[in-house]
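Here are the chains, one letter per residue:
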Number of protein chains: 4
Amino acid sequence: MSRVKPAPIPMRTVGPVLITGNTIDNEKVLIPLATYETPLWPSVGRGALISRLSGGIKVTVVDERMTRSILLEATDAGAALKAGNELKQRLSELNEVVSQSSRFAKLININYQIAGNLLYLRLEFTTGDASGHNMVTNAADKLFPWILENYSDLKYCSISGNYCSDKKATAVNGILGRGKNVVTEILIPREVCEKRLHTTPEKIVDLNIKKNLIGTIMAGGLRSANAHYANMLLAFYLATGQDAANIVEGSQGVTHAEVRGGDLYFSCTLPNLIVGSVGNGKGLDFVDENLQLIGCREAREPGENGRRLAAICAANVLCGELSLMAAQTNPGELMATHLKLERKS
Amino acid sequence: MSRVKPAPIPMRTVGPVLITGNTIDNEKVLIPLATYETPLWPSVGRGALISRLSGGIKVTVVDERMTRSILLEATDAGAALKAGNELKQRLSELNEVVSQSSRFAKLININYQIAGNLLYLRLEFTTGDASGHNMVTNAADKLFPWILENYSDLKYCSISGNYCSDKKATAVNGILGRGKNVVTEILIPREVCEKRLHTTPEKIVDLNIKKNLIGTIMAGGLRSANAHYANMLLAFYLATGQDAANIVEGSQGVTHAEVRGGDLYFSCTLPNLIVGSVGNGKGLDFVDENLQLIGCREAREPGENGRRLAAICAANVLCGELSLMAAQTNPGELMATHLKLERKS
Amino acid sequence: MSRVKPAPIPMRTVGPVLITGNTIDNEKVLIPLATYETPLWPSVGRGALISRLSGGIKVTVVDERMTRSILLEATDAGAALKAGNELKQRLSELNEVVSQSSRFAKLININYQIAGNLLYLRLEFTTGDASGHNMVTNAADKLFPWILENYSDLKYCSISGNYCSDKKATAVNGILGRGKNVVTEILIPREVCEKRLHTTPEKIVDLNIKKNLIGTIMAGGLRSANAHYANMLLAFYLATGQDAANIVEGSQGVTHAEVRGGDLYFSCTLPNLIVGSVGNGKGLDFVDENLQLIGCREAREPGENGRRLAAICAANVLCGELSLMAAQTNPGELMATHLKLERKS
Amino acid sequence: MSRVKPAPIPMRTVGPVLITGNTIDNEKVLIPLATYETPLWPSVGRGALISRLSGGIKVTVVDERMTRSILLEATDAGAALKAGNELKQRLSELNEVVSQSSRFAKLININYQIAGNLLYLRLEFTTGDASGHNMVTNAADKLFPWILENYSDLKYCSISGNYCSDKKATAVNGILGRGKNVVTEILIPREVCEKRLHTTPEKIVDLNIKKNLIGTIMAGGLRSANAHYANMLLAFYLATGQDAANIVEGSQGVTHAEVRGGDLYFSCTLPNLIVGSVGNGKGLDFVDENLQLIGCREAREPGENGRRLAAICAANVLCGELSLMAAQTNPGELMATHLKLERKS
């Protein structure tokens, strides 16, 4: 393993985006985005403009938790059931063990699945401002010996049983929660829609149904219906020191649009958004600068910076999603714009 | 939109990995990896060591194609059926149109799906050494007017109907193909397994069944069964100028292991690996250096550098997957290693 | 194993349904339905009434094939690739073997998947008027020794590798085809919608988006978006001697609705509808009577009775789907109707 | 709608199966099966024989609940979140309303999902011995007005939002529970395996990995890995008056096998098994007889007959699954047996 020069990904700030909701109150925030796909900047930028012309993007952080599913083998399914049910009742004992591994990790819930005599124990934690990958692995590492000591019918199979599930597109994360569950909504006046997005509310709604909803279903998608969340997530993750492999589950989400009173209601739901304002990758200078720029390095209660970060990331997703959807309602616009921008850059 | 300093992601080279197969013949290749997750380097490095001690990783490139699904509305399902069937028979005419957009893009197949009166036309191309995103969008942009002109029963709905499908975890990509379909295999002598991975073939096989296969199934995974392909893909993509948002579908793949004559057969199947040795993001200095380092900038027939790149990327995935699986067979090893490495770095 | 009296499932005929399309030309067909769920009869009956008041249900049979995926182990992925590619080119040789097993089975295509050294060979046949389960298993049984003889690098693993896939909800059946792929469409005048379904086109469309499309996506559905196809399929299957376990994949399908010129466009797409007018279960008296009633025992070209049967089955599905969707747009209607009907019966 | 003669499905009893576990203590139970697929009887019969020679099938009922997801529209996601969180805390108030609809239905939990401003409220009930479809719809019908009265920010969208989810293959049912979650296990001595199943533990385990686990993953299956659960479920459902459309979700389950001390451990996990010993379809004479035959019409605490029924149904599934898996380890056996049996019958 030899050190080589770092990989310098092109980066710009776009916006500002006007954001409001249960973590941010009517603020304009500049969005840093690092990407090789240069058309992404003006695309998100156009969405940001719309946000300012439409009273802002309303962002609701619905839930937060980070998980690790340990895998145990029981003598049989009956023993697995007994252990699973008991452990769900012993959260406070388990939290004493967890507290030895971190002062931020707190076990808030346990879910389990039994297959044959295999017990998949999904441990769910809050992890302060960190995304919490290491925190929950560390906690699980401490809990495992305690569980084996207390349940002689169980033995170690794996520190992760893939029921977590980390960096994989699965159904469990959206249904039981992993990372931040965030909903973004905006109501765009028809005039803004026509003038700035060169389309109509009706066209966007129609395209969303036929492309994002039905098209993804035909493709065999999983708990997902969107045009390109992955692009906005990647660029934001690289700019803010996140583990960008989490775009795999992060990009599972649903775009829902409808015409309301002639205007366009447009929303992006991201149930598995994994971000942190502290932790791995956050020590680099540009990351620190970017986190400061978006106001996620303030002195706040643990968790508040993390939720704010998730809200900004999700607003960024809506901006890019809206812009691409608008472009695709017009034949030829997408390619023309790509060509123009990539030649320029 | 304002320019800021680029995002410098930490990068190292690991290996070399010994690779053989239908695109590479018994070569040792150093792997460049850019990542915030520093434990990834020694993890892939350990796999690389195993490759050299086990006669190499055999890599088979099974298929290649890049796709764009355009979305049309027909007067009814009957008209959609007629158009879909006819267009499948008119590939050479369509290729004349395609040839105006690029000298590398070649339409090799069409698949379609009909839902109500909606026609999802999945255009499948070879695209030389490029991953081909823009090439196929551009080709689709040229094909669309031709199709509308020839089929008055059809009208434009979207340049992309999400049946492509790009940067989304779906079933269609693996089943019909998108990007490179690559299988990697290795046969690891028991002694190497025990001495260098500190585990046994039996333990790896057992863990693979219970974690990767059954665990992912319980999580509601989709055409996927692996521990962490996304990590190795991301680091390789960032180091070689790929559009890393393609790890979303790229990370769908299956790890299969079995004990053979006391030794360990270990394989990773990656059916949707999207990479290119030319195109967007490839103009940066470090990208060019890295592509040269791994021998993907040689004068070869169009497509050969691209396939070589896919083979190396997939071998890298096997290295990291093997190493993590080995670690998880031993209680406590994963966390201990993480802590040690992250403190060091 | 001891014989006991048969299980007499309650049966009625409803309709007639007015059907038109590429297999049936403007006919009124009575639908026999066997079910314990008695409210199903008036529900489908109401849909049938709508069909007669709206110019009929247009049914398009898009495709037909029956499949069996045999599973082979190759020496490595390279050998699997070579065999897979060659076999796709040897259809006529393979069809000589197939012809020994049945005069109706005809191998029309081969698809394969490779995972490690495993080769899943999906053999696709037309099977005349039969659903074809046994026909394709029998053909596969004949083909297996031939393949093993011609490819010494391959060995037997299983007569079915679950990539068929039979009686399982998977993505492959819809994407590659299994059974009949059928689309049904109807355009219902607003007045009919309001007077007979007690709802509006707008309400149905809205409910379809929020319940069938988004709701199923949130539930983690797979290539499916409908309210209750399974109910109509089951009752029709039991009445016509089908293997009703095929409702598992048969019920995967998509309801798409939109307002067109103030009227309601409503469609049901059933890509994996497995039915036969001959074969197992068809010897029973009531089955024979029902198949005659719906005109599927006529002297026609092989396959025509089977396609007609699929068209009628799918029209039946649209009737029931439409009726339930209409009911659910009105608070309280569903339960009130159920209670009334079940008490009566 | 006109009455016609009932549909008499052929029926036999097979077994007895030896069952033990947390609902049944070491009993031999005859299994009634109604089916057109006559080879199913000897197939399940062979599994029953194995159960008697191997100390019985251990059946663990892990969980039970029946669900209905109502769909509401909130003014925005924030209002949806507030209502969802509050309603989870008001179970006892809600149960007062539920108690007006049934003396058996009891609301035990609420889960919700938010997409945009849509609130999918998954109401989870215990329903005594009934499968509970109508009971929960009726309860939801009573709860809806109460909720709308208490939450002026919400309005009616649908009595079912497909997040239940009923008669659809989705991920939510297995993860959150719907119907009975049942695990069956058996340890078959090697000698029994060889003599009666004409195979070895190693062969069964190998086939399970390559066909059920990897094969289903390649097919794009969803939370499922088995050979043919649907067949055994259908025949048992038709014989015992169940709503057989529930085989759609019921057949999602996982077969797990391993070699233990030279013997065969074989298990079937059925997380969404929906059955009832009372309710719709249970009034028919043969149903009543069959339910008596298997001991599910005894005077017991509410729910006990239902759980017993689920246990027997699941044991039946293991019998048929084991038998088919054994047959498929031997080239040619499956087809030969089918032909022999179908000719005989």
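First, a word on scope: everything that follows refers to the structure included in this document. Every value quoted in this text rests on a predicted model; they were computed, and no experiment measured them. (Residues numbered from 1 in each chain as written. Chains lettered and ligands numbered in written order. Predicted model: local features only at pLDDT ≥ 70, side-chain atom pairs only at ≥ 80, totals over all residues. Heavy atoms only, no water.)

1. A look at the interface of chain D and chain C
At the junction of the two partners, chain D supplies 88 residues and chain C supplies 88 residues. Together, the buried faces of chain D and chain C total about 7,400 Å²; carbon and sulfur atoms form 61% of this surface. There are 4 salt bridges connecting chain D and chain C. Close ionic contact of Lys5 of chain D with Glu289 of chain C constitutes a salt bridge, the shortest N to O distance being 3.5 Å. Seen at the junction of chain D and chain C, the total is 42 residue pairs in polar contact (both at pLDDT 80 or more). If one sorts the elements of the side of chain D that touches chain C by residue count, helix α7 (residues 201–218) of chain D sits on top with 9 residues. (Contact = heavy atoms within 4.5 Å. Buried area = accessible area lost by both parts, 1.4 Å probe. Salt bridge = Lys/Arg side-chain N within 4 Å of Asp/Glu carboxyl O. Polar contact = N/O pair within 3.5 Å; in protein donor to acceptor, adjacent residues only side chain to side chain. Helix = DSSP H or I, 4+ residues; strand = E, 2+ residues; numbered from the N terminus.)

2. As for the interface of chain B and chain A
Residue-level contacts link 88 residues of chain B with 88 residues of chain A. Overall, the association of chain B and chain A removes approximately 7,400 Å² of surface from exposure, summing both partners, and the carbon and sulfur fraction of that is 61%. One can count 4 salt bridges joining chain B with chain A. Between Lys210 of chain B and Glu73 of chain A there is a salt bridge, with its nearest N and O atoms 2.8 Å apart. Per-element tally for the side of chain B that touches chain A: the top contributor is helix α7 (residues 201–218) of chain B, with 9 residues. Per-class residue counts for the side of chain B that touches chain A are 45 nonpolar, 29 polar and 14 charged. Where strand β1 (residues 2–3) of chain A lies against strand β3 (residues 11–21) of chain B, 2 bridges are found, and the strand directions are antiparallel. (Nonpolar A, V, L, I, M, F, W, Y, C, P; charged D, E, K, R; others polar. Pairing = 2+ DSSP bridges.)

3. Observations regarding the nonpolar core
Ranked by internal contacts, the top residues of the largest apolar core, which has 516 residues, are Ile147 of chain A, Ile147 of chain B, Ile147 of chain C together with Ile147 of chain D. For Ile147 of chain A, the residues in contact, after removing those within four places along its chain, are Ile70, Leu72, Leu87, Leu94, Leu121 and Leu154 of chain A. (Core = buried A, V, L, I, M, F, W, Y, C linked by side-chain atoms within 4.5 Å. Buried < 20%, exposed > 50% of the residue type's maximum accessible area, 1.4 Å probe, protein only.)

4. Remarks on the packing of aromatic side chains
Centre distance and the angle of the planes are the two values used to describe a pair of aromatic rings. In this structure the tally under the stated criterion is 4 aromatic pairs over all chains. Between Phe144 of chain A and Tyr156 of chain A, the ring centres sit 4.8 Å apart and the planes meet at 45 degrees, which makes this aromatic pair tilted. Here Phe144 of chain A, found in helix α4 (residues 133–150), pairs with Tyr156 of chain A, found in strand β8 (residues 154–158); they are 12 residues apart in sequence, far enough to count as distant. Assessed through its relative accessible area of 4%, Phe144 of chain A is described here as buried. Take Tyr156 of chain A: its relative accessible area is 16%, and that puts it in the buried class. Against the face of Tyr265 of chain C rests Arg260 of chain C, its NZ or CZ located 3.6 Å from the ring centre. (Phe/Tyr/Trp six-rings, centres within 6.5 Å; stacked < 30°, edge-to-face > 60°. Lys NZ or Arg CZ within 6 Å of the ring centre and 35° of its normal.)

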